[in-house]
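# Geometric and topological summary
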Amino acid sequence: KHLLSSAINSFGSAAGNNDKIFKNLGKIRDISLSGGEPILRKDIKEIISEIYKNSVPKTLSLPSNGLLPDLLLNVAEYTLKNCPNMRLMINLSI
C-alpha cells in the first residue's frame, strides 16, 4: 500500500484528523508524503509521528527540492530520533 499526502489534505489538518486517517488505514509498508514540499507543513512532525504510531511503516519517503536544507535537516533528525524502526528516504529533485 502507498499513501500520498493528498489523502491527508482531503481530510484537513485539524488536530486528531490525521490520527484517525492512519488508524483506519492500519499497517502500511511504504509511505510517500508528496504533493509540493511536505516539510513546509506546520504539522509535518505530528503527521510523521502519527504515521509511525498507527501505520508502522518500514519506509517513509519525503520528496524535497532541497531549497530549505535547515528545515529538511530538522525534520529528518526528528524523524530518525522518534521513529527508530523506520527507514527515511529523502528524494531530492534537481
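The notes below deal with the structure included here. From a predicted model like this one, the values you see are computed outputs, not experimental measurements. (Residues numbered from 1 in each chain as written. Predicted model: local features only at pLDDT ≥ 70, side-chain atom pairs only at ≥ 80, totals over all residues. Heavy atoms only, no water.)

### What about the overall build of the protein?
- Helix and strand counts for the protein come out as four helices and three strands.
- In sequence order, the secondary structure elements of the protein are arranged as α-α-β-α-β-α-β.
- Taking all 94 residues of the protein together, 38% fall into the buried category.
- Considering only contacts within the protein whose residues lie at least 6 apart along the sequence, 78% involve residues at least 24 apart.
- By element, 57% of the accessible surface of the protein is carried by carbon and sulfur atoms, the whole surface being about 5600 Å². (Helix = DSSP H or I, 4+ residues; strand = E, 2+ residues; numbered from the N terminus. Buried < 20%, exposed > 50% of the residue type's maximum accessible area, 1.4 Å probe, protein only. Contact = heavy atoms within 4.5 Å. Areas by Shrake-Rupley, 256 points an atom, 1.4 Å probe, with all protein chains shown as cover.)

### Re the environment of Val75
- Residue placement: Val75 occurs in helix α4 (residues 69-82).
- A residue is classified by how much of its surface remains accessible, and Val75, at 1% relative accessible area, is buried.
- Separated by 30 residues in sequence, Val75 and Lys45 have C-alpha atoms that sit 6.8 Å apart.
- Excluding residues that lie within four positions of it along the chain, Val75 makes contacts with Ile39, Ile44, Ile48 and Leu62.

### Focus: the pattern of salt bridges
- Counted according to the given criterion, the structure contains two salt bridges.
- Where Asp30 meets Arg29, a salt bridge forms, and the shortest distance between an N and an O atom there is 2.6 Å.
- Residue classification places Asp30 among the buried positions, given a relative accessible area of 14%.
- Residue Arg29 is classed as exposed on the basis of its relative accessible area, which comes to 54%.
- A salt bridge links Asp43 to Arg41; the nearest nitrogen and oxygen atoms lie 2.9 Å apart. (Salt bridge = Lys/Arg side-chain N within 4 Å of Asp/Glu carboxyl O.)

### What to know about the side chain of Ser55
- With respect to the helices and strands, Ser55 occurs in helix α3 (residues 44-55).
- Those residues within four positions of Ser55 in sequence are excluded, and the remaining contacts are Phe22, Gly26, Lys27, Ile28, Ile31 and Glu50.

### Digging into the packing of α3 against α4
- Interaxial distance between α3 and α4 falls to 10 Å at its minimum, and their mutual angle equals 25°. Of the possible angle classes, the one that applies to α3 and α4 is roughly parallel. Judged by the sense of rotation from one axis to the other, the crossing of α3 with α4 is right-handed. Together, Ile44, Lys45, Ile48, Ser49 and Tyr52 of α3 and Asn74, Val75, Tyr78, Thr79 and Asn82 of α4 make up the contact between the two elements.
- Split into classes, the residues belonging to the contact of α3 with α4 amount to five nonpolar, four polar and one charged. (Axes fitted to C-alpha atoms, helices over the stretch in contact; angles between N-to-C directions. Parallel < 35°, antiparallel > 145°, perpendicular 65-115°, else oblique. Left-handed = near helix turned anticlockwise from the far one by under 90°. Nonpolar A, V, L, I, M, F, W, Y, C, P; charged D, E, K, R; others polar.)

### Let's talk about the nonpolar core
- With 18 residues, the main nonpolar core has Leu33, Ile48, Ile51 and Leu60 as its most contacted residues.
- Taken together, the elements giving at least two residues each to this core come down to α3, β2 (59-64) and α4.
- Counting residues per element, this core draws most heavily on α3, at five residues. (Core = buried A, V, L, I, M, F, W, Y, C linked by side-chain atoms within 4.5 Å.)

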